[in-house]
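# Understanding the architecture of this molecule
As a plain string of letters, each chain reads:
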Amino acid sequence: MGGLTRYGKSNGLRVLALQIIAQGWPIAIFDFQNRTLPQLEDASFKFAFGKDPDSCMAGIDKLYEEYVNREFLFKKLGSSKKIYPDDIFSYNIATGEDLKPIYTLIDEWAELRSSISDQHNEKLISISRLAAKYGLFLVMGSQVWNKDTVGDVGTQADTRICFKVKDWQQSKVVCGRKGAEAFETRGRAMTNHWGEIQFYFVPPEQLELSFMEKLFYKSKIKGEEAEVSIPISILEPKSQEK
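All figures in this text were calculated on a predicted structure; none of them were measured in a lab. The numbering scheme is per chain: residues are counted from 1 as the chain's sequence reads. Thresholds applied to this predicted model are a pLDDT of at least 70 for local features of residues and 80 or more for the giving and counting of side-chain atom pairs; totals over whole chains, interfaces and linings are not thresholded and use all residues. Note that the side-chain values use all heavy atoms of the structure and ignore hydrogens as well as water.

### Section: the overall build of the protein chain
Tallying secondary structure elements over the protein chain gives eight helices and eight strands in all. Burial status across the protein chain gives 48% buried among its 242 residues. Contacts are assigned to residue pairs with any non-hydrogen atoms lying within 4.5 Å of each other. Contacts spanning at least 24 positions in sequence make up 65% of the contacts within the protein chain whose residues lie at least 6 apart. In the structure as shown, the protein chain presents an accessible area of about 12400 Å², 50% of it carried by carbon and sulfur atoms. Segments assigned H or I by DSSP are reported as helices when at least four residues long, segments assigned E as strands when at least two residues long, and all are numbered from the N terminus. Each residue gets one of three labels from its accessible area relative to the maximum for its type: buried under 20%, exposed over 50%, partly exposed in between, using a 1.4 Å probe on protein chains only. Using a 1.4 Å probe, accessible areas were evaluated by the Shrake-Rupley method; residue-level cover was limited to the displayed protein chains.

So, in C-alpha cells, the structure goes:
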C-alpha cells in the first residue's frame, strides 16, 4: 500500500484493521510514528505492537516463532495422519482446532526496513514467502516505493493498493500501472486487481479502544466470525494505460 501523506494510506490501514478486528482475528501493528492505531497498544486482542525499532523487532520475533510453531503443527499432522492441509482453514477442519489468521499491519515500511537488524529483515522475508499457508499475512504501507524499499518482502505482495503518489513511476512501482499520480480525492486508490477504488473515512469514534474491543468480542459472543465487508467502493472500470 503506497501513497503520499494525507491522501489516505493510514486511513486505508485503519479500514483494514477494523475489518480484521470485526472478524475476531488477532492483529499486529508496527508503526514507527505511532499515529496510525496507537490505541491498539493496550488492546487485549493484539498479537504484537511495535512503535520503535526494539519493540518492532520483538514483535517480529514473536511472529516468526508463531510461524515456526504452525509449520511444526502442519508437519506433525502430515506425519501422524497423512493429512496435508493447504491452509489453516483446512487444518482446523482436519484437527478440530481453531487457529486464527494473524494480520500484521506495517506503516512506514521503508523506515522499518532500514531500522531493524538484517536478521529481522530475513525473518520478515521468510514470513512473506512461506507463512501465508499458516495464516500469517503482512500488510505494508509506505510513502515511497522503489526497488530498494520494496525489497524481497515487497515482491511477494499479491494485492497492491496505490493512493496518490508524486509521479507515474511511483504508480507503476506500487500497482503496475500509471494513473495514481493524478488522483486528487482523498481515499481514492488504484489497485492491481479491481481498478480504482474509494476507501471510506474512518470516524474518530471508531478508533476508540472501547469501540474496537466491542467489535472484536461481538464475534466471540456470537460464537462465530462476524460478516463485515471492507468499506470501500469499486468504481466504474475504465481503460488504464499500462
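Structure's up, so let's keep going.
### So, empty space enclosed by the protein
Only protein atoms enter the 1 Å grid, on which a cavity is a set of points fitting a 1.4 Å probe that cannot get out and a pocket is an open set with protein on both sides within 12 Å along at least 5 of 7 lines, lining residues being those with an atom within 4 Å of a point. Grid points are joined across faces, edges and corners, and a volume is the space filled by probe spheres set on the points. Summed over all chains, the structure comprises one cavity of 30 Å³ or more. Lining the largest cavity are Leu13, Ile29, Asp31, Thr36, Leu37, Leu105, Ile106 and Asp107. At the level of elements, strand S1 (27–31) and strand S3 (102–107) are the ones that each hand at least two residues to the lining of the largest cavity. Counting residues per element, the lining of the largest cavity draws most heavily on S3, which supplies three residues. Ten residue types, Ala, Val, Leu, Ile, Met, Phe, Trp, Tyr, Cys and Pro, are classed as nonpolar, four, Asp, Glu, Lys and Arg, as charged, and the remainder, Gly among them, as polar. Residue composition of the lining of the largest cavity, by class: five nonpolar, one polar and two charged.

### Notes on the packing of helix H2 (residues 53–81) against helix H5 (residues 118–130)
Running from N to C, H2 and H5 cross one another at 40°; their axes reach a closest spacing of 10 Å. By the angle between their axes, H2 is oblique relative to H5. Relative to H5, the crossing made by H2 is left-handed. Across from Met57, Ile60, Asp61, Leu63, Tyr64 and Tyr67 in H2, the residues of H5 making contact are His120, Lys123, Leu124, Ser126, Ile127 and Leu130. For the contact of H2 with H5, the class distribution of residues is eight nonpolar, two polar and two charged. Interaxial angles span 0 to 180 degrees and are taken between N-to-C directions of axes, which are lines fitted to C-alpha atoms, for helices over the stretch in contact. Oblique is the label for any angle not under 35 degrees, not over 145, and not in the 65 to 115 range, which are roughly parallel, roughly antiparallel and roughly perpendicular in turn. Crossings are assigned a handedness: left-handed for a near helix turned anticlockwise from the far helix by less than a right angle, right-handed for a clockwise turn.

### Topic: the packing of aromatic side chains
Only Phe, Tyr and Trp rings are paired, with Trp represented by its six-membered ring, and only when their centres lie within 6.5 Å; those with planes under 30 degrees apart are stacked, over 60 edge-to-face, the remainder tilted. Under the defined criterion, the tally for this structure stands at nine aromatic pairs. Ring geometry for Tyr103 and Phe137: centres 4.9 Å apart, planes at 20°, overall stacked. You can see Tyr103 sitting in strand S3 and its partner Phe137 sitting in strand S4 (residues 136–140), a full 34 residues away along the chain. With relative accessibility at 28%, the residue Phe137 sits in the partly exposed group. Grouping aromatic residues by their ring pairs yields a cluster made of Tyr64, Tyr67, Phe74, Tyr91 and Tyr134.

### Quick notes on the pairing of strand S6 (residues 188–191)
The pairing of strand S5 (residues 161–162) with S6 spans two bridges and is antiparallel. By the bridge assignment for S6, Ile161 is matched with Thr191. In this description, strands pair whenever DSSP reports at least two bridges between them. Note: S6 against strand S7 (residues 195–199), four bridges, orientation antiparallel. Counterpart to Thr191 in the pairing with S7 is Gly195. Hairpin connection of S6 to S7: three residues between the antiparallel strands.

### A look at the pattern of salt bridges
Within this document, salt bridges are pairs made up of a side-chain nitrogen of Lys or Arg and a carboxyl oxygen of Asp or Glu, the two lying within 4 Å of each other. Within the structure shown, the criterion is met by eight salt bridges. Taking the shortest distance from any N to any O, the salt bridge between Glu108 and Lys9 comes out at 3.3 Å. You can see Glu108 sitting in the loop between S3 and helix H4 (109–115) and its partner Lys9 sitting in helix H1 (residues 9–22), a full 99 residues away along the chain. Note on Glu108: relative accessible area 9%, which makes it buried. Among the residues examined, Lys9 registers a relative accessible area of 4% and is labelled buried. Residue Glu184 pairs with Lys164 through a salt bridge whose shortest N-O separation is 3.4 Å. Residue Glu184 is found in the loop between helix H7 (168–175) and S6, and its partner Lys164 is found in the loop between S5 and H7; the two are separated by 20 residues along the sequence. Take Glu184: its relative accessible area is 56%, and that puts it in the exposed class.

### Topic: unusual backbone geometry
Excluding glycine, residues mostly carry a negative phi; peptide bonds, for their part, are mostly trans. Despite not being glycine, Asn34 shows a phi value in the positive range, around 55°. Position of Asn34 relative to the elements: it lies in the loop between S1 and strand S2 (46–50). In the Ramachandran plot, Glu108 falls in the positive-phi region, its phi being about 60° despite a non-glycine side chain.

### Quick word on the side chain of Ser128
Take Ser128: it is sitting in helix H5. In the analysis that follows, any N or O atom pair within 3.5 Å is treated as a polar contact, provided that within protein one partner can donate a hydrogen and the other can accept it, and provided that, for residues neighboring in sequence, both atoms belong to side chains. A polar atom in the side chain of Ser128 sits 2.8 Å from the backbone oxygen of Ile125.

Worth remembering: the numbers are spatial, not functional.
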